[in-house]
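This is what each chain is made of:
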Amino acid sequence: MNVLKKLGKDFIFLDGSMGTMLQSYGMRAGEIPEEYNIKKPNTILNIHKAYVNAGADIITTNTFGANAYKLKDSIYSVDEIINNAIMLAKKSVTHQLIALDIGPLGQLLSPLGTLSFDDAYEMFKQQVIAGDNAGADIILIETMSDLYEAKAAILAAKENSNLPIFCTMTFGENMRTLTGTNPLTMVEVLDGLGVDALGINCSLGPKQISSVVKEIVKYSNKPVIVQPNAGLPELVNGETRYSLDSCQYAQELADIADIGGAIFGGCCGTKPEYISKVITLLKNKKPLKPSSSKLTTATSSTKTVIVDEKICIIGERINPTGKPRLKASINSNDYSYVIQEAIKQVDSGADILDINIGIPGIDEIQKMKDVIFELQSIIDTPLQIDSMKAKVIETAVRYYNGKPIINSVNGKQESLDLILPIAKKYGALVVGLTLDEDGLPKTINKRVEIAEKIINEAKKYEIAEENILIDCLTLTASSNQKAVLETLNAIKIIKSKYNVKTTLGASNVSFGLPNRNLINSTFLAMALSYGLDAPITDPTVKFLKDTIMSYRVLANIDHGCEDFISIYSKSDSTLEVVTKNDETLSLVDIIIKGLKDKAEDKTIELLNTLEPMNIVNNHLIKALDIVGDRYENETIFLPQLIRSAETVKIAFDAIKNHLLESGNMDISKGTIILATVKGDVHDIGKNIVKILLENYGYKIIDLGKDVSKEKIISSITDENAKLVGLSALMTTTVPSMEEIINAVRELDDSISIMVGGAVLTEIYAKKIGAHYYGKDAKEAVRIADMVFEAK
């Protein structure tokens, strides 16, 4: 079966849950599922055969957790596990394809966690090579909650095999992944990276994920994979069961097929009969053909800017040319001023930020990586990578989390040959400058000719027109007045002939003339009327911002004038952006913005006039409450939440040091024990909870992952803890959680227990005896505050 030929033409059926089936064969909590490939091969073989008999087209190997991190305590190597897994899958099939199953590593990637992108890549690479060598037909990357981790896995797959790649992510009821990615952003990034199919798995039941599937189908030109759970988990007679039977599950998946799903299977709670029933309902149907619009987008990991929908402002201020303070910041590796400039532009309305750090003599590759890393942990604004060096560009887009813009390629063949392959490989937008070996053209026709060359060369790499931004380049009116209209007319012609978008630096035109702001704003208005989509300009200059905002109204882009009214009704005149400088930022501002380098000095300054607990309650906790509310309202996401929490930690450390020096008391609000239960090696959620609780002033005893009942009971006794937090991601480990809860209650019924994890619901938490269900880190803080206030 050639899966690529069948994709999108016929429904393709994956198998169901391996974990659920292993439980039915008696797998106990704490056992490593992947070791069954060697210890109990007949069990795995029987499970595969059951799915083959159910009619599955693709059999998924028992390798979900077969990575170096999760298997570090196993007596078997990654290669041994994968080789045996694929051998068993091959024995079970007749004509079916075999998918090497790759799940998340179980750690958060930096900056949210401690795992580097390169280390993640190497672990995925080991799996891919082993699977490819053993004879896998497809690579299935699934249950990803972090877009950055998904990117590392996809690159490892593409660079170390030629196998088709399927990739699915897991979404919550808020239609976002754990780290804040929405369906549109997922589609844009994964499609750009070149996966063959994408979609959603695990998460919830079919009905609950249907809204996510609708969004994915709306934007995806690739076949959409749908592998939900068998409804929601329930506890029945001490066993974990799911709310949908096979008939209900199949009917709900058939409804999703009518939305546009093309590849179906199952996750937690699904068994062979579930897959069989789905196949029966869909056997006489064909998948809907993708009908998504071709959009021009740039993304971070949590936000997508659609250039088609509005005039997008690309902020130009992060460029060291003529800016000694910015140059000094870059040279010294102190990026606080770069961060300040980024925040200032975003606060002033920039949709995208151009990042240029080109200074002679520096290690531009490393510094570009550092700046991108810093900015992406603070702001969710997409970035435009601006460099004259191909190696800098490639490194930057490789480590960028999202879909960036490359600035730039030009009409020189050398430039096209260097930059276009990078744009294709990483799925980036690319700016095309209309200059070539003969330099900057002065005529309309030459500009259009170069633009056409760039567009046609891009097509050779299968780069679509909507992923190109043409820059017709602005000459100064003082030295070449005629060329100004040549530029504008070239924009108009190019927009009429191609589906590309256009960009332009809006400040060069006035060089050498008095009243530059007047010239710039008039030129900008003219350029917009000729079809300019994304001006590169300074959003903090009110004349330019005013021009764009008013143009959006007059061109019927700002429907109902809503944006204009919301901004200008607050003022009698033009938009005035007020940005605080370093000296006037409060500690609350510093925490909200995540300015870690400023937290210690500001805290020490406050300690000269305020009591430590005053600072904790009225500055640190106040700021965290604001950040937490923004996180809940989805105006910020996990990267910004973690950054603010890390900033609070620096302030807390300064206060603790002050108390130690003065011999005063500790400021801890209470002791909490956290643990991922026995048999479960996933501790991402627990670690996020730990960070936030610590920064709300609690002492956290983190016992880690795969923690036994005995160790938890011992720690409660040693630490005199009044609150215990237990985490589990896998359904197979929930019985272990219930066992621990019973032991804690037997020890001391006054100890409060909160639980959390992807497999739990509030009802389920109550059934296994927990006092509280912590659906996320912010809820865990509320629970802790309630518990310790009561005690």
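Reading the values: rules and limits
Residues numbered from 1 in each chain as written. Predicted model: local features only at pLDDT ≥ 70, side-chain atom pairs only at ≥ 80, totals over all residues. Heavy atoms only, no water. Salt bridge = Lys/Arg side-chain N within 4 Å of Asp/Glu carboxyl O. Helix = DSSP H or I, 4+ residues; strand = E, 2+ residues; numbered from the N terminus. Buried < 20%, exposed > 50% of the residue type's maximum accessible area, 1.4 Å probe, protein only. Pairing = 2+ DSSP bridges. Right-handed = clockwise from strand over helix to strand, strands pointing away. Disulfide = S-S within 2.5 Å. Contact = heavy atoms within 4.5 Å. Axes fitted to C-alpha atoms, helices over the stretch in contact; angles between N-to-C directions. Core = buried A, V, L, I, M, F, W, Y, C linked by side-chain atoms within 4.5 Å. Phe/Tyr/Trp six-rings, centres within 6.5 Å; stacked < 30°, edge-to-face > 60°. Lys NZ or Arg CZ within 6 Å of the ring centre and 35° of its normal. pLDDT = per-residue confidence, 0-100.

Visitor: Would you take a moment to explain the pattern of salt bridges for this structure?
Guide: Side-chain pairing between opposite charges can occur once the charged atoms of the two side chains come close. Summed over the entire model, instances satisfying the criterion amount to 38 salt bridges. In this structure, lysine 285 and aspartate 258 form a salt bridge, with 3.8 Å as the shortest nitrogen-oxygen distance. Here lysine 285 is found in the loop between α11 (272-282) and β11 (297-299), whereas its partner aspartate 258 is found in helix α10 (residues 246-259), with 27 residues between them in sequence. Between lysine 596 and glutamate 646 there is a salt bridge whose closest N-O contact spans 3.3 Å. Here the residue lysine 596 occupies a position in helix α23 (residues 596-607), and glutamate 646 occupies one in helix α25 (residues 638-662), the gap between them amounting to 50 residues. Lysine 596 gets classed as partly exposed once you look at its relative accessible area, which sits at 27%. A residue is classified by how much of its surface remains accessible, and glutamate 646, at 27% relative accessible area, is partly exposed. Beyond isolated ion pairs, a larger network of salt bridges with shared partners links Arg317, Glu341, Lys344 and Asp538.

Visitor: Explanation requested: the pairing of strand β5 (residues 165-169) in the structure shown.
Guide: Looking along a regular strand, one sees side chains alternate from face to face of the sheet. The buried count for β5 comes to 5 of 5 residues, which makes it a mostly enclosed element. Pairing analysis gives 4 bridges linking strand β4 (residues 138-144) to β5, with the strands arranged parallel. When the sheet's bridge partners are listed, isoleucine 139 is paired in β5 with isoleucine 165. Handedness of the crossover is the feature at issue here: the chain leaves β4, passes through helix α7 (residues 147-160), returns alongside β5, and the resulting connection is right-handed. Inspection of the sheet shows β5 paired to strand β6 (residues 197-202) by 4 bridges, in the parallel sense. Its bridge partner being in β6, threonine 168 is matched across the sheet by glycine 199. Regarding topology, helix α8 (residues 183-193) serves as the crossover connection from β5 to the parallel β6, and that connection is right-handed.

Visitor: Is there a simple way to think about the state of the cysteines in this case?
Guide: By definition, a disulfide is the covalent link that joins the sulfur atoms of two cysteine residues. The full count for this structure, using the stated rule, is 0 disulfides. Cysteine 202 supplies the cysteine sulfur nearest to cysteine 267, a cysteine that is in no disulfide, at a spacing of 3.9 Å.

Visitor: Please explain the sheet that holds strand β25 (residues 772-773) as it appears in this structure.
Guide: Two modes of strand pairing occur in sheets, parallel and antiparallel, and in both the strands are linked by backbone hydrogen bonds. Taken in spatial order, the 5 strands of this open sheet run β22-β21-β23-β24-β25, and their pairing is parallel. The open sheet has two free edges, formed respectively by β22 (699-702) and β25, since each of these has just one partner strand. As defined by bridge partners, strand β21 (residues 671-676) adjoins β22 across 4 bridges and the pair is classed as parallel. Paired with isoleucine 672 across the strands is isoleucine 700, a residue of β22. The strands that helix α26 (residues 684-695) touches are β21, β22, β23 (723-727) and β24 (752-756); relative to β21, the one it contacts most, it runs at about 170°. In this fold helix α27 (residues 709-719) packs onto β21, β22 and β23, with an angle of close to 170° to the strand it touches most, β21.

Visitor: Can you walk me through the nonpolar core in this structure?
Guide: The tendency in soluble globular proteins is for nonpolar side chains to be buried side by side. The biggest cluster of nonpolar side chains holds 172 residues, and the ones touching the most others in it are Phe124, Ile141, Leu190, Phe264, Ile355, Leu375 and Ile406. In terms of residue count, α7 provides more of this core than any other element does, 9 residues in total.

Visitor: Looking at this structure, how should I read the packing of aromatic side chains?
Guide: The geometry of an aromatic ring pair is captured by two quantities: the separation of the ring centres and the angle between the planes. On inspection of all chains with the given rule, the structure shows 7 aromatic pairs. Cluster of aromatic residues (ring-pair linked, three or more members): Phe11, Phe13 and Phe264. The ring of tyrosine 69 carries the charged tip of lysine 72 above its face, separated from the ring centre by 4.3 Å. The ring of phenylalanine 543 carries lysine 542 above its face, with NZ or CZ at 4.2 Å from the centroid.

Visitor: Explain the confidence of the model for the chain here, please?
Guide: Close inspection of predicted coordinates is inappropriate for parts of the model with low pLDDT. Of the residues in the chain, 97% reach a pLDDT of 70 or more, and the chain-wide mean stands at 92. Confidence drops under a pLDDT of 50 for residues 571-579, and excluding neighbours within four residues, the segment shows 12 contacts in the predicted structure.

Visitor: I keep staring at the environment of threonine 584 and nothing clicks. Help me out?
Guide: Along the polypeptide, threonine 584 turns up in the loop between α21 (562-568) and α22 (587-593). Separated by 102 residues in the primary sequence, threonine 584 and lysine 482 place their C-alpha atoms 47 Å from one another.

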